[in-house]
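Residue-level structure breakdown
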Amino acid sequence: MAWDISKVRNIGISAHIDSGKTTTSERILFYCNKIHAIHEVRGKDGVGAVMDNMELERERGITIQSAATQVQWKDYTINLIDTPGHVDFTVEVERSLRVLDGAIMILCAVAGVQSQSITVDRQLKRYHVPRVAFVNKCDRQGANPVRVRMQLREKLGLNAYMMELPIGLEDKLEGVVDLVAMKAIYFDGPNGEDLRIAEIPANMTADAEKYREELLDAASMFDDSLMEEIMEKGYDGVAEDKIIAAIRKGTLAEQFVGVFCGSAHVNKGIQPLLDAVVRYLPAPNEVRNVALDLDNNEAEVELESVDNKPCVALGFKLDDGQYGQLTYTRVYQGKIKKGEELYNTRNKKRFKVGRLVRMNSAQMEDINEGCAGDIVALFGVDCASGDTFVSGGVNYSMASMYVPEPVISLSITPKDKQASMQMSKALNRFTKEDPTFRVYTDPESNETIIKGMGELHLEVYVERMKREYNCEVITGKPQVAYRESITTTGDFNYTHKKQTGGSGQYGRVAGFMEPDSEKDYEFVDAIKGGAIPNEYIPSCDKGFQKAMKEGSLIGAPIVGVKITINDGQYHPVDSNDNAFQIAAIGAFREGYMKAKPVILEPIMKVQMTAPTEFQGNLFGLINQRRGVIVDSTDENNTSTVNAEVPLSEMFGFSTILRSSTQGKGEFTMEFLKYGKVPNNVSEELQAKYKEEKAAGKK
């Protein structure tokens, strides 16, 4: 098929965990004739959904890695990426959103806007991704898509309007009413593949007219001529094309969100959703993409989605799987051709495109070229996630992706010598693929420490080591990534003087440090009259930064400090770079203790849901964990409690929650902020640190 960029859609599916993303993707593949049978995520047939191709994903019923595939809907090409819902794998979502042009935001018709929906919304806004919303699970008890629409407005501040109304709800869900065409759509056949268009049921006419008027009023804000036409002819006389064009304009400007509804599980509402994707979400050439020109002081350059310009592509995901290293790449400008040479602007290396493929989840298809706007995969390229590939002599870099800092760590020890070899192979691969998964060796204890975004994140990697590398490891107790900071201003005036025969070392550094809530570290040079010569100012800066790597309370990194130096002294013979670095380290330690240092710990945003009868238990669990309840709501006999709880109190929480709610409670959590630990915990941590230090472990 000839490549027509206006008929391409690069879309992702994002939502809170368990909202039905993978189930919806499975239906999309089926209706686009990509697969010939539907398998459920945790189906009795044991096959699992196509997009969950990892064994672990199928067993746990969750998506761990994003998967990509290409489908044809009518005469449009849709590159679809299914992303994980669990917040521990949030980097997969970030990576996908960076390269997508539009998104389907899925919400549960019962639970509505949940904590992860808020995170997804923030991510979509960060990358300026236009979206349509799909209210799934309308067949479940307590479903109310109109209420979810209101939550989209109130909780996320979106300009959301119903595009469809459900015909019946819960177990009476039959189909949907299309408010643009003013027709009822029913989904017949064993898998809902036969669409039957009919008149709107009489009992729904009034509601349909009311919501259509609302929709048209909102759409007319993006097209003056539509507004005039409504005023002249009324709501019934407006052409469908005109309404679609106005809604598309609003959606592309991120000022309008159309709300569709249905239930993927019972095969209702997916085909109109696919129509919405091609109607309202942008083609690659309708999105503004910029690169930074590395030869021109990183000036922004607008990229054009055309084939006859130099190639600019972004490698957004690495997968070192059964076929060798694959680099998922989005082509922004120009073409990638098999056999041609590309240049990696980060490592400044040229490489030849040996094999070019298109991924269909775990299956692949060899292709000869990838055009502007396409998503393809390169084989055997030595690169890191986020690298830019170019051709034609340009030296551009795409802006980097947001990568959150890991908050939890765990020590791992291989069980035997063979496992030790395999462990290093596995860790090498995982750290390359996932920027939020870090590994380092503790220099004191010589233990290998893995760091990640949550317990599940690390658990999955330990399990993958066992399954994919036959490498069993013993894990230590999870450790929280503590930080230290200061609470008040502290002065310093430190002289470093050493005379060992010959030229000695001399440097005096004076000034003050103060808390900084905006930045982790800021250095201000307020030296006047050359008390410290200019050449030694960077040495002072370097010394302070070295000192901040390890605080004196528990040896954790120090954050949130602004340091100003305003006086000092040097010696024409004995002063040098090293002397001023040591003087700055000494000065920092002097001022640090005066600035009343404290220990900070990661505070998590926790959302728990359980039947209302267990609400008291939920409150109790939070109180026992030094948590603060932010709010709680009761809807449809389900209690939702939002709270802020220190991460160190949340280890093993899923088992405790299950036993306190007879297995009916669920929770999600994500990193919120760093907060000061209470005095008793601070004392405990300091005592433990001193003990370990005395024993030589630190």
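Conventions used here
- Residues numbered from 1 in each chain as written.
- Predicted model: local features only at pLDDT ≥ 70, side-chain atom pairs only at ≥ 80, totals over all residues.
- Heavy atoms only, no water.
- UniProt positions renumbered as here; feature names shortened; annotations may be inferred.
- Pairing = 2+ DSSP bridges.
- Helix = DSSP H or I, 4+ residues; strand = E, 2+ residues; numbered from the N terminus.
- Axes fitted to C-alpha atoms, helices over the stretch in contact; angles between N-to-C directions.
- Buried < 20%, exposed > 50% of the residue type's maximum accessible area, 1.4 Å probe, protein only.
- Arc of directions from axis to C-beta.
- Contact = heavy atoms within 4.5 Å.
- 1 Å grid on protein atoms, 1.4 Å probe; cavity = no way out; pocket = protein on both sides within 12 Å on 5 of 7 lines; lining within 4 Å.
- Points joined across faces, edges and corners; volume = space filled by probe spheres on them.
- Domains from an automatic or database assignment.
- Disulfide = S-S within 2.5 Å.
- Phe/Tyr/Trp six-rings, centres within 6.5 Å; stacked < 30°, edge-to-face > 60°.
- Lys NZ or Arg CZ within 6 Å of the ring centre and 35° of its normal.
- Salt bridge = Lys/Arg side-chain N within 4 Å of Asp/Glu carboxyl O.
- Parallel < 35°, antiparallel > 145°, perpendicular 65-115°, else oblique.
- Left-handed = near helix turned anticlockwise from the far one by under 90°.
- Nonpolar A, V, L, I, M, F, W, Y, C, P; charged D, E, K, R; others polar.

In the annotation of an unreviewed UniProt entry, the entry for the protein reads Elongation factor G, and the organism field reads Treponema bryantii. Here is the UniProt Subcellular location (unreviewed entry) comment for the protein, exactly as written: "Cytoplasm". UniProt's Sequence similarities (unreviewed entry) comment on the protein is quoted here verbatim: "Belongs to the TRAFAC class translation factor GTPase superfamily. Classic translation factor GTPase family. EF-G/EF-2 subfamily."

The three strands lie next to each other as E13-E12-E24, forming an open sheet whose pairing is antiparallel. The outermost strands of the open sheet, each flanked by one partner alone, are strand E13 (299-302) and strand E24 (396-398). Neighbour-to-neighbour, the strand axes of this sheet turn through a mean angle of 45°, independent of strand direction. Direction of pairing for strand E12 (residues 290-293) relative to E13: antiparallel, over a ladder of four bridges.

Turning to helix H12 (residues 537-547), its buried residues are Ile-537, Ser-539, Cys-540, Gly-543, Phe-544 and Ala-547. Looking straight down H12, one finds its buried side chains confined to an arc of 160°; they lie on one side. Buried residues along H12 sit against strand E31 (490-498), strand E32 (505-515), strand E33 (521-525), strand E34 (561-569) and helix H13 (577-594).

To continue, consider the sheet that holds strand E9 (residues 183-188). An order of E7-E8-E9-E10 is seen for the four strands of this open sheet, with the pairing classed as antiparallel. At either end of the open sheet lies a strand with only one pairing partner, and these are strand E7 (164-167) and strand E10 (194-198). Each strand of the sheet is rotated relative to its neighbour by a mean of 30°, with strand direction disregarded. Sheet analysis places E9 next to E10, joined by five bridges and oriented antiparallel. When the bridges of E10 are listed, Ala-184 appears paired with Ala-198.

Bringing empty space enclosed by the protein into the picture now. Under the criterion given, the structure shown has five cavities of 30 Å³ or more. Within this model, the second largest cavity holds a volume of roughly 70 Å³. For the lining of the second largest cavity, the secondary-structure elements that each account for two or more residues are strand E2 (67-73), strand E3 (76-82), strand E19 (356-360) and strand E22 (375-379). Among the domains, domain 1 (5-280) and domain 2 (289-398) are the pair contributing at least three residues each to the lining of the second largest cavity.

This next bit is on the state of the cysteines. This model, assessed by the stated rule, comprises zero disulfides. With no disulfide partner, Cys-108 has as its closest neighbouring cysteine sulfur the one in Cys-138, 9.0 Å distant. Just so you know, Cys-138 is unpaired, no disulfide at all, and the nearest cysteine sulfur is the one on Cys-261, 4.9 Å from it. Using a relative accessible area of 0% as the deciding quantity, one classes Cys-138 as buried.

What follows concerns the packing of aromatic side chains. In this structure the tally under the stated criterion is 15 aromatic pairs. Ring centres 6.4 Å apart and planes at 35° place the aromatic pair Phe-260 and Tyr-280 in the tilted group. Within this pair, whereas Phe-260 is found in strand E11 (residues 257-261), its partner Tyr-280 is found in helix H9 (residues 270-280), the two being separated by 20 residues in sequence. You can call Tyr-280 buried: its relative accessible area is 2%. Geometrically, the ring pair formed by Phe-430 and Tyr-461 is tilted, given 4.8 Å between the ring centres and 45° between the ring planes. In this pair, Phe-430 sits in helix H10 (residues 417-433) while Tyr-461 sits in helix H11 (residues 455-469), placing the two residues 31 residues apart along the sequence. Look at Phe-430 and you get buried, because its relative accessible area is 0%. Note that Lys-7 overlies the ring of Tyr-76, its terminal NZ or CZ placed 5.6 Å from the centroid. The side chain of Arg-330 reaches across the aromatic face of Tyr-332, ending 4.5 Å from its centre.

Turning next to the pattern of salt bridges. For the coordinates displayed, the defined rule picks out 27 salt bridges. In this structure, the salt-bridge partner of Asp-121 is Arg-131, at a minimum N-O distance of 2.9 Å. Of this pair, Asp-121 sits in helix H4 (residues 115-126) while Arg-131 sits in strand E5 (residues 131-136), and the two are 10 residues apart along the sequence. One salt bridge in this structure joins Glu-463 and Arg-467, with 3.0 Å as the shortest N-O distance.

What follows is about the pairing of E11. Among the five residues of E11, five are classified as buried, and the element is accordingly described as predominantly covered. Burial along E11 is two-sided: Val-257, Val-259 and Cys-261 and Gly-258 and Phe-260, pointing in opposite directions, are all buried. Examined bridge by bridge, E5 and E11 share three bridges and lie parallel to one another. Of the residues in E11, the one forming a bridge with Val-135 is Cys-261. Here three bridges tie strand E6 (residues 160-162) to E11, and the two strands are oriented parallel to one another. Bridging from a neighbouring strand, Ala-160 pairs with Val-257 of E11.

The subject of this paragraph is the domain arrangement of the protein. Much of the literature gives interface size as the accessible area that the parts lose upon coming together. The assigned domain composition of the protein is domain 1 (5-280), domain 2 (289-398), domain 3 (409-480), domain 4 (484-595) and domain 5 (601-680). Computed from C-alpha atoms alone, the centre-to-centre distance between domain 2 and domain 5 is 43 Å.

A word on the packing of helix H7 (residues 224-233) against helix H8 (residues 240-252). Any two packed helices are characterised by the angle at which their axes cross and by the distance between the axes. Contact geometry for H7 and H8: axes closest at 10 Å, N-to-C directions at 140°. Put simply, H7 runs oblique to H8. Of the two possible hands of crossing, H7 and H8 adopt the one that is left-handed. Taken together, the residues of H8 that come into contact with H7 (itself represented by Ser-225, Leu-226 and Glu-229) are Lys-242, Ile-243 and Ala-246. Here the residues of the contact of H7 with H8 sort into three nonpolar, one polar and two charged.

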